[in-house]
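Listed below are the residues making up each chain.
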Amino acid sequence: MISTLRRTWAEIDLDALENNYKKLKEKTGEKTKFLGVVKADAYGHGSVQVAKKLTELGADYLAVSSVDEAMELRENEVSLPILILGHTPKEQIHNLIDYKLTQTITCKAKALEYQQAALECGGILKCHIKVDTGMSRLGYLVDDEGFAGGVDGIVEACRLDHLEVEGIFTHFAMSDGDSEFAVDYTRHQFELFQKVCAGVEAVWGRKFQIRHCANTGAVANYPETALDMVRPGLLLYGYGKYAERLGLLPVMSLKSVVSTIKVYQPGTFISYDGTYVTDKVTRVGVLPIGYADGYHRYLSNKWSVLTEDGPAKQIGRICMDMCMIDLSDCPDVDVDSEVEIFGRQNSIDEMALLAETIPYELTCSISKRVPRRYLSNGAVVDEELLLRMPGSLG
Ligand SMILES: *Cc1c(COP(=O)(O)O)cnc(C)c1O
């Protein structure tokens, strides 16, 4: 094994991904298409490997945020349809056409701009229309007074001869909320979306091939929103409050090793700023993982990592490249022992609560310095380290 892979690494369990896909597929039914969201390097899990696995499992579509993310997949032989959820500058339209990518159309101005760019490069751009039903981000406005204008605008886009409109979608803002307000809000978004789809189809005289809106919260809570395709991200990776109920497993485990162990007397300051002072003779382990790897400094003195001899509290400020743990109650842990920062046994959902964030942000921030190790049937099937050193892994 290359030495850098034995510092701090992320294990990506492809069997867990398969389990999650199959469980979600069972839930949403054979007839509903499945789009796997693999933006942000598949939420930090490695988009190429995840996309290949989803292809093998029979997924219908992938989604990324940008044209670069999509081209990266194509350059790595991923051939499933790919929807770009975010903005693409018009200078890049030729790439969308060359790489057979599907672009989101979010407003009249963009529709016209993309039409013109596609015309200039002599191609047809495949598109999905985005409707803003309450997320207040991207999409055609269709609120009360804007409804008729929104429908007209979408019909106009559908009729542009260098755009091929395949689908239409919207995005829920609160589908994972439990409050009555969140439920009403989500229902309203869904009703409005259906009204827009029907309104456009009536005027356009054609049906959208793919209507989709169900993100993680909607897949878990609102099965009626599945329509032609579901579009989960987080659930696929097995995190969040619905994962357990749905029988999903966390795909990523972040691991490190104990690099050094030292024993300090009571009253010793540990790490920067003296935020932790030993109150006993303390056996301290140094881990080669810090905030530059994605272990947020904000979690200093809050989280416990899991050793082979039970949990060990992280103590003192988390540094850029290292942090310290209290091994006083883990006598069996030695230099080179493995620790799990989060994973199958040490839940990232709890870690996210302590960090006052969501698991999405924690997996996305595992940095490129951290090699990804892909596992299947307990064996390592691939390793990836994104350094600017071609061939660094042989
Ligand atoms: C990120 C994203 C998703 C996936 O969201 P999850 O909450 O991870 O399921 C779906 N649709 C759009 C438009 C997104 O941006």
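Okay, so let's go over this structure. (Residues numbered from 1 in each chain as written. Predicted model: local features only at pLDDT ≥ 70, side-chain atom pairs only at ≥ 80, totals over all residues. Heavy atoms only, no water.)

**Here we look at the pattern of salt bridges**
Here comes step 1: Applying the stated criterion to the full structure yields 19 salt bridges.
Here comes step 2: Close ionic contact of K241 with D178 constitutes a salt bridge, the shortest N to O distance being 3.4 Å. Here D178 lies in the loop between β8 (163-170) and α8 (180-204) and K241 lies in the loop between α10 (234-237) and β11 (252-257), a separation of 63 residues in the sequence.
Here comes step 3: On the basis of relative accessibility, which here comes to 63%, the residue D178 falls in the exposed class.
Here comes step 4: The shortest N-O distance in the salt bridge between K280 and D326 comes to 2.8 Å. Note that K280 is positioned in the loop between β14 (276-277) and β15 (282-287) and D326 in strand β18 (residues 323-326), a separation of 46 residues in sequence.
Here comes step 5: Overlapping salt bridges, with partners in common, bring together R7, D293, D321 and R369 in one network. (Salt bridge = Lys/Arg side-chain N within 4 Å of Asp/Glu carboxyl O. Helix = DSSP H or I, 4+ residues; strand = E, 2+ residues; numbered from the N terminus. Buried < 20%, exposed > 50% of the residue type's maximum accessible area, 1.4 Å probe, protein only.)

**A look at the packing of helix α7 (residues 147-158) against α8**
Here comes step 1: Contact geometry for α7 and α8: axes closest at 9 Å, N-to-C directions at 55 degrees. Here α7 is positioned oblique relative to α8, judged by the angle of their axes. For the crossing formed where α7 meets α8, the hand is right-handed. Along its contact with α7, which presents F147, V151, I154, V155 and C158, the element α8 presents L192, K195, V196, G199, V200, V203 and W204.
Here comes step 2: Of the residues that constitute the contact of α7 with α8, the class distribution is 10 nonpolar, one polar and one charged. (Axes fitted to C-alpha atoms, helices over the stretch in contact; angles between N-to-C directions. Parallel < 35°, antiparallel > 145°, perpendicular 65-115°, else oblique. Left-handed = near helix turned anticlockwise from the far one by under 90°. Contact = heavy atoms within 4.5 Å. Nonpolar A, V, L, I, M, F, W, Y, C, P; charged D, E, K, R; others polar.)

**A word on the site of the ligand**
Here comes step 1: Around the ligand lies a shell of 13 residues, among which K39, Y43, T216, L234 and Y360 are the nearest.
Here comes step 2: Taking R231, its side chain carries an N or O atom lying 2.8 Å from a nitrogen atom of the ligand.
Here comes step 3: A distance of 2.8 Å separates an oxygen atom of the ligand from a polar backbone atom of G233.
Here comes step 4: In isolation the ligand exposes 390 Å². Once the protein is present, 92% of that is buried.
Here comes step 5: Partitioned by chemical class, the residues of the shell around the ligand number six nonpolar, four polar and three charged. (Near = heavy atom within 4 Å. Polar contact = N/O pair within 3.5 Å; in protein donor to acceptor, adjacent residues only side chain to side chain. Areas by Shrake-Rupley, 256 points an atom, 1.4 Å probe, with all protein chains shown as cover.)

**Some remarks on the packing of aromatic side chains**
Here comes step 1: In the structure shown here, the tally under the stated rule is five aromatic pairs.
Here comes step 2: Among the aromatic residues, those joined into a cluster by ring pairs are Y43, Y237 and Y360.
Here comes step 3: For the cation-ring pair, K195 lies above F147, with the distance from its terminal atom to the ring centre recorded as 5.1 Å.
Here comes step 4: Geometry around Y298 places K302 over its ring, the cationic atom sitting 3.8 Å from the centre. (Phe/Tyr/Trp six-rings, centres within 6.5 Å; stacked < 30°, edge-to-face > 60°. Lys NZ or Arg CZ within 6 Å of the ring centre and 35° of its normal.)

Distances and angles like these do not, on their own, reveal function.
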